[in-house]
Amino acid sequence: MTTSQSRVILEMRDISFRYPNGGRGLEQCSISFERGMRTALLGLNGAGKTTLFLQCNGVLRPQSGEVLLDGVPLNYSRLGLRTLRSRIGLVFQNPDSQLFSASVREDVSFGPLNLGLPITVVRDRVEQSLAAVGMSDFADRPVHALSYGQKKRVCIAGVLAMAPEVLILDEPMAGLDAAMQTELAAVLDELHDKGMTIIIATHDIDFAYQWADRINVLEAGRCAATWDAIELPQVIDNLKRFGIGVPKVAELHRHLLDAGLVTAGSPIPRSHHQLLQQVSLLSGFRF
Ligand SMILES: Nc1ncnc2c1ncn2[C@@H]1O[C@H](COP(=O)(O)OP(=O)(O)O)[C@@H](O)[C@H]1O
Ligand SMILES: [Mg+2]
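Residues numbered from 1 in each chain as written. Chains lettered and ligands numbered in written order. Predicted model: local features only at pLDDT ≥ 70, side-chain atom pairs only at ≥ 80, totals over all residues. Heavy atoms only, no water.

Novice: Honestly, the domain arrangement of the chain in this entry has me stumped. Any pointers?
Specialist: Accessible area lost during the coming together of the parts is what is often quoted as the interface size. Domain boundaries in the chain define domain 1 (3-246) and domain 2 (247-287). Taken together, the contacts link 15 residues of domain 1 with nine residues of domain 2. With both sides pooled, the region where domain 1 packs onto domain 2 buries about 930 Å², and carbon together with sulfur makes up 58% of that total. Contact with domain 2 buries area across many residues of domain 1, yet Asp-206, Tyr-209 and Val-246 alone supply 55% of it, more than any other trio. Between domain 1 and domain 2 we count one salt bridge in total. (Domains from an automatic or database assignment. Contact = heavy atoms within 4.5 Å. Buried area = accessible area lost by both parts, 1.4 Å probe. Salt bridge = Lys/Arg side-chain N within 4 Å of Asp/Glu carboxyl O.)

Right under this line is the structure:
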């Protein structure tokens, strides 16, 4: 393993990008993503999250600065982009922008077939990817007959079928009901357990706090803050300043601490479940 392969897998160095109509996409944005980590990208609408993701898989190209994968600047040739997109999978926010085949199986097969893989390998990958997102029973269904949440899962399967090293999801929870969000979180956890690097854009600070290892905040086209998720309770004033919200469980923990209902010095909980456990310990009350 070379040094560049050790931690950072994907890096943006000082990249700037403006849309042809003058829309500010990114301005001297520097950010790096570590291998095997779960990263959440937060930021208000228009902060540049989608633009940044489109730079990651070469759909957009920076006008200055560079994007590096494993320490190597992206290669924007046809072949380079094909390789890049097999290594970095991007799931768009709107599934209808991603799905275009008639059936689920056809759609999920498209990427690996395009890579020129043998048909038996493609078949295996499609089966495994559909299974990973719990959509095996829907393989022969027409895409247009799926619900929004099912379409999202098919999009993820289509990207997984490319066997990427990095999975990027643009606001994956948007538009999903609570049960589907829980299911998707479980899918992401399983992929992370298998070693995949996962980056998501989200507006949900509670989910980010509970799920992510690392938090990046984008503001006006640049990365304005990077924290380990466990640091969030210490930077609540910063979170408020960025307008991205504060994890409710951390706030509640602070109130309970002030009221003496949890023990000072106990680890700050990241989920309601962990918080209830702490309250149970001190009060003897079982929830
Ligand atoms: N297709 C586009 N054409 C022109 N400007 C765009 C386009 N997409 C995004 N922008 C501009 O780029 C900036 C970043 O947008 P975007 O990356 O979509 O942010 P986010 O995903 O964080 O909401 C915004 O100022 C937005 O208006
Ligand atoms: Mg966006």
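Don't stop here, the text continues.
Novice: What should I look at first to understand the side chain of Thr-51 in this one?
Specialist: With respect to the element layout, Thr-51 can be found in helix 1 (residues 49-56). In terms of polar contacts, Thr-51 uses its side chain to reach the side chain of Tyr-19, at 2.8 Å. When residues no more than four places from it in sequence are discounted, the contact partners of Thr-51 are Phe-17, Tyr-19, Gly-25, Leu-26 and Leu-60. (Helix = DSSP H or I, 4+ residues; strand = E, 2+ residues; numbered from the N terminus. Polar contact = N/O pair within 3.5 Å; in protein donor to acceptor, adjacent residues only side chain to side chain.)

Novice: Would you take a moment to explain the state of the cysteines for this structure?
Specialist: Covalently bonding the sulfur atom of one cysteine to the sulfur atom of another cysteine gives a disulfide. Within this structure, the stated rule accounts for zero disulfides. No disulfide involves Cys-29; its nearest neighbouring cysteine sulfur is the one of Cys-223, lying 6.0 Å away. A relative accessible area of 0% places Cys-29 in the buried class. (Disulfide = S-S within 2.5 Å. Buried < 20%, exposed > 50% of the residue type's maximum accessible area, 1.4 Å probe, protein only.)

Novice: Would you take a moment to explain the environment of Pro-62 for this structure?
Specialist: Along the chain, Pro-62 falls in the loop between helix 1 and strand 4 (64-69). For the pair formed by Pro-62 and Gly-25, sequence separation is 37 residues and the distance between their alpha carbons is 9.7 Å. In this structure Pro-62 touches Ile-15, Ser-16, Phe-17, Gln-55, Val-67 and Tyr-76, once residues within four positions along its chain are discounted.

Novice: Mind showing me how you'd approach helix 5 (residues 148-160) here?
Specialist: In an α-helix, one turn spans 3.6 residues, which is why side chains three or four residues apart end up on the same side. Here helix 5 is 13 residues long and its end C-alpha atoms lie 19 Å apart, about the 18 Å a rise of 1.5 Å per residue gives. Judged by how many residues are buried, helix 5 sits mostly within the fold: 12 of 13 residues are covered. Along helix 5, the residues classified as buried are Gly-149, Gln-150, Lys-151, Lys-152, Arg-153, Val-154, Cys-155, Ile-156, Ala-157, Gly-158, Val-159 and Leu-160. At its buried positions, helix 5 is contacted by strand 6 (88-91), helix 3 (104-114), helix 4 (119-132), strand 7 (166-170) and helix 6 (178-193). (Expected span 1.5 Å × (residues − 1).)

Novice: Is there a simple way to think about the layout of surface pockets in this case?
Specialist: If a probe as big as a water molecule is rolled over the atoms, it shows which places are left empty. A volume near 610 Å³ is recorded for the largest pocket. Lining the largest pocket are 23 residues, with Asn-57, Arg-85, Phe-110, Gly-111 and Met-162 positioned closest to its centre. Among the residues making up the lining of the largest pocket, the classes are represented as 13 nonpolar, seven polar and three charged. Empty space within the second largest pocket amounts to approximately 160 Å³. Around the second largest pocket, the lining residues are Arg-125, Gln-128, Ser-129, Ala-132, Leu-160, Ala-161, Ala-163, Pro-164, Leu-191, Lys-194 and Met-196. Element by element, the count of residues in the lining of the second largest pocket is highest for helix 4, at four residues. Classifying every residue of the lining of the second largest pocket gives seven nonpolar, two polar and two charged. (1 Å grid on protein atoms, 1.4 Å probe; cavity = no way out; pocket = protein on both sides within 12 Å on 5 of 7 lines; lining within 4 Å. Points joined across faces, edges and corners; volume = space filled by probe spheres on them. Nonpolar A, V, L, I, M, F, W, Y, C, P; charged D, E, K, R; others polar.)

Novice: Please clarify how the packing of aromatic side chains should be interpreted in this entry.
Specialist: In this description, an aromatic ring pair is defined by two values, namely the gap between the centres and the angle between the planes. Enumeration according to the criterion identifies four aromatic pairs in this entry. When the ring of Phe-100 is compared with that of Phe-110, the centres are 4.9 Å apart and the planes differ by 85°; the resulting orientation is edge-to-face. On the criterion of sequence distance, the pair formed by Phe-100 in the loop between strand 6 and helix 3 and Phe-110 in helix 3 is long-range, its members being 10 residues apart. Taking relative accessible area as the criterion, Phe-100 reaches 55% and is therefore assigned exposed. Seen in terms of ring centroids, Trp-227 and Phe-242 are 6.3 Å apart; in terms of plane orientation they differ by 65°. Their pairing is edge-to-face. Taken together, the residues Trp-227 in strand 10 (residues 222-228) and Phe-242 in helix 8 (residues 236-242) connect sequence positions 15 residues apart. (Phe/Tyr/Trp six-rings, centres within 6.5 Å; stacked < 30°, edge-to-face > 60°.)

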